[in-house]
Amino acid sequence: MNLEDINKIKELLSTPQKIAIIPHKNPDGDAIGSTLGLWHYLKNAGHDATVVSPNDSPKFLKWMPGCDAILNFEKENSQAKNALSEATLIFTLDFNDFGRVGQMEQFLEDATAQFVMIDHHQAPSDYAVVTYSDVTMSSTCEMVYHFIDYLGDSDKVTPEMANCLYTGIMTDTGSFRFRSTTSKTHVVAGHLIDKGAKNSDINNAIYNTNSPSRLHLLGCALKNMVILDEYSTAYITLSQDELDLYKYKKGDTEGFVNYGLTLEGIKFAVIFIENREEGIIKISFRSQGNFSVNKFARTYFEGGGHDNAAGGKSDLSLKETAARFLSILPEFKNELVN
Ligand code: 5GP
Ligand code: MN
């Protein structure tokens, strides 16, 4: 964040504000970790702050301190709408375009509040008075730590904040494995442990709460995996019938897409998941090396994200979506194989 933005934030927060903090739809560890981390900070600083999420959080994040206080726009609609219309300041975290909040989009468009964006995705939209956007950052949680530090308040990081922020750094870096993990990321994680983040407990709470049905669904996904050696690509499909058979719950498919990349020589991994209720196929893309899945998702599947991790969707059927994907692949043969 540059000095001008830091001063602008200091000015905006110099008197008590009514603040709404928004994660993207289908929030992940980084979205919930960053919004709750910032929520604790702003509340402790004397502001009237509320996290308003477009929809529910997955079960594996419900333990996070403050998660109970999140307003769910789908379930607590009128309270959520009030929080948005009454806010004097709205922080949008871990996304950079109003298209990422589903049904809440119109209410952000109509809000009279000033916006502050904190985000690490590519191609930010221009809606905020302060846009703190940095695509080199591992996670929005890492950025929220820097944000607090820029305001001179790193000594005010509480154990609650530390646990929230550590969680998002851990989940967005694949436990400090992805290329986005820098020495700075480790330094921030270290500070957070010093401030009370229980790193081993967090790991257990996030990764060791499998249900038998989720492991069976993973088995089904792995069985369905198609390996295309000629394109260094592996993709998985999961139909709604398969999800129903294994009692799919929100968050159950988190991380499935990464298994493709664990195959030797595979550089591009994809998962196509049918969502009959929304009438779409939700897609996750992952890559290793220079192949940009952000560009791929943006160009062909109405999505985006980062160079090595992106998402998108398709309105075709599951079979047609996979066929369309297969018809696009030859264009990228050189890029994928070399
Ligand atoms: P995931 O595949 O885990 O849902 O998402 C991977 C990354 O891509 C995340 O950073 C996520 O925020 C982003 N992403 C997922 N779906 C979409 C989408 O539909 N549009 C855009 N712009 N980004 C997405
Ligand atoms: Mn993130």
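Note that the structure is a prediction, hence the values are computed from the model and not measured. (Residues numbered from 1 in each chain as written. Chains lettered and ligands numbered in written order. Predicted model: local features only at pLDDT ≥ 70, side-chain atom pairs only at ≥ 80, totals over all residues. Heavy atoms only, no water.)

**Topic: the side chain of Thr 167**
Part 1: Assignment of secondary structure puts Thr 167 in helix H6 (residues 159-172).
Part 2: Here Thr 167 falls in the buried class, since its relative accessible area comes to 0%.
Part 3: Engagement of the side chain of Thr 167 in a polar contact is seen with the backbone oxygen of Asn 163, the distance being 2.7 Å.
Part 4: Excluding its chain neighbours within four sequence positions, the residues that come into contact with Thr 167 are Leu 61, Trp 63, Met 64, Ile 202 and Ile 206. (Helix = DSSP H or I, 4+ residues; strand = E, 2+ residues; numbered from the N terminus. Buried < 20%, exposed > 50% of the residue type's maximum accessible area, 1.4 Å probe, protein only. Polar contact = N/O pair within 3.5 Å; in protein donor to acceptor, adjacent residues only side chain to side chain. Contact = heavy atoms within 4.5 Å.)

**Observations concerning the sheet that holds strand E3 (residues 71-72)**
Part 1: Taken together, the six strands give an open sheet; going across it, the order is E3-E2-E1-E4-E5-E6, and neighbouring strands pair in parallel fashion. Either end of the sheet is taken by a strand with one partner, and the two such strands are E3 and strand E6 (130-133).
Part 2: Pairing geometry for strand E1 (residues 18-22) and strand E2 (residues 48-53), over four bridges, is parallel. Note on E2: the bridge partner recorded for Ile 19 is Ala 49. (Pairing = 2+ DSSP bridges.)

**Re the pattern of salt bridges**
Part 1: The tally for this structure, following the rule as stated, stands at nine salt bridges.
Part 2: When the shortest N-O distance is used, the salt bridge between Lys 18 and Asp 48 registers 2.9 Å. Here Asp 48 lies in strand E2 and Lys 18 lies in strand E1, a separation of 30 residues in the sequence.
Part 3: Taking relative accessible area as the criterion, Lys 18 reaches 32% and is therefore assigned partly exposed.
Part 4: Overall, Asp 48 belongs to the partly exposed group, its relative accessible area being 40%.
Part 5: Between Lys 25 and Glu 278 there is a salt bridge whose closest N-O contact spans 3.4 Å. (Salt bridge = Lys/Arg side-chain N within 4 Å of Asp/Glu carboxyl O.)

**Topic: the site of ligand 1**
Part 1: As a matter of local geometry, ligand 1 sits amid 13 residues, with Arg 100, His 121, Lys 282, Ser 284 and Arg 286 nearest to it.
Part 2: In the model, an oxygen atom of ligand 1 is placed 2.8 Å from a nitrogen or oxygen of the Arg 286 side chain.
Part 3: Between ligand 1 and Gly 311, the relevant distance is 3.3 Å, taken from an oxygen atom to a main-chain nitrogen or oxygen of the residue.
Part 4: Among the elements of the structure, strand E10 (280-287), strand E11 (304-305) and strand E12 (309-314) are those that each provide at least two residues to the shell around ligand 1.
Part 5: Here the element with the most residues in the shell around ligand 1 is E12; it accounts for four residues. (Near = heavy atom within 4 Å.)

**With respect to the domain arrangement of the protein**
Part 1: In terms of domains, the protein is made up of domain 1 (3-207) and domain 2 (212-337).
Part 2: Between the C-alpha centres of domain 1 and domain 2 there is a distance of 27 Å.
Part 3: In this assembly, 13 residues from domain 1 lie in contact with 12 residues from domain 2.
Part 4: Interface area lost by domain 1 to domain 2 is led by Phe 60, Gln 122 and Arg 179, which between them contribute 45%.
Part 5: Counting every contact that joins domain 1 to domain 2 gives one salt bridge.
Part 6: Applying the counting criterion to the domain 1 and domain 2 interface returns nine residue pairs in polar contact (both at pLDDT 80 or more).
Part 7: For the side of domain 1 that touches domain 2, the per-class residue count stands at three nonpolar, six polar and four charged. (Domains from an automatic or database assignment. Buried area = accessible area lost by both parts, 1.4 Å probe. Nonpolar A, V, L, I, M, F, W, Y, C, P; charged D, E, K, R; others polar.)

**Quick word on helix H2 (residues 29-44)**
Within an α-helix, residues lying three or four positions from one another point in the same direction, as the helix has 3.6 residues per turn.
Part 1: With 16 residues, H2 should cover 22 Å at 1.5 Å per step; its first-to-last C-alpha distance of 22 Å lies within 8% of that length.
Part 2: Judged by how many residues are buried, H2 sits mostly within the fold: 14 of 16 residues are covered.
Part 3: Gly 46 lies just past H2 and shows a positive phi near 95 degrees. (Expected span 1.5 Å × (residues − 1).)

**Quick notes on the packing of H2 against H6**
Part 1: The N-to-C vectors of H2 and H6 enclose an angle of 160 degrees; their axes lie 8 Å apart at closest approach. Classified by the interaxial angle, the pair formed by H2 and H6 is roughly antiparallel. At the point where H2 passes H6, the crossing takes the left-handed sense. Every residue of H6 that contacts H2 at Gly 29, Asp 30, Gly 33, Ser 34, Leu 36, Gly 37, His 40, Tyr 41 and Asn 44 is listed here: Glu 160, Met 161, Cys 164, Leu 165, Gly 168, Thr 171 and Asp 172.
Part 2: Here the contact of H2 with H6 is composed, by residue class, of five nonpolar, eight polar and three charged. (Axes fitted to C-alpha atoms, helices over the stretch in contact; angles between N-to-C directions. Parallel < 35°, antiparallel > 145°, perpendicular 65-115°, else oblique. Left-handed = near helix turned anticlockwise from the far one by under 90°.)

**Section: the coordination of the manganese ion (ligand 2)**
Part 1: For the manganese ion (ligand 2), the full set of protein donor atoms is Asp 30 (OD), Asp 94 (OD), His 120 (NE2) and Asp 172 (OD), at a range of 2.1 to 2.3 Å.
Part 2: Of note, the manganese ion (ligand 2) draws all its donor residues from one chain, in the sequence arrangement D-x63-D-x25-H-x51-D. Note that Asp 30 is positioned in helix H2 and Asp 94 in the loop between strand E4 (89-93) and helix H4 (105-110), a separation of 64 residues in sequence. In terms of burial, Asp 30 and Asp 94 fall into one category: buried. (Donors = N, O, S within 2.8 Å, 3.2 Å for Na, K, Ca; no water.)

**A short note on the sheet that holds strand E7 (residues 226-228)**
Strand pairing in a sheet is mediated by backbone hydrogen bonds. Such pairs are either parallel or antiparallel.
Part 1: In space, the six strands of this open sheet follow the order E7-E8-E9-E10-E12-E11, with mixed pairing throughout. Because the sheet does not close on itself, it has two edges, and the strands there are E7 and E11.
Part 2: Pairing geometry for E10 and E12, over six bridges, is antiparallel. Within E12, the residue paired with Ile 283 across the bridge is Gly 312.

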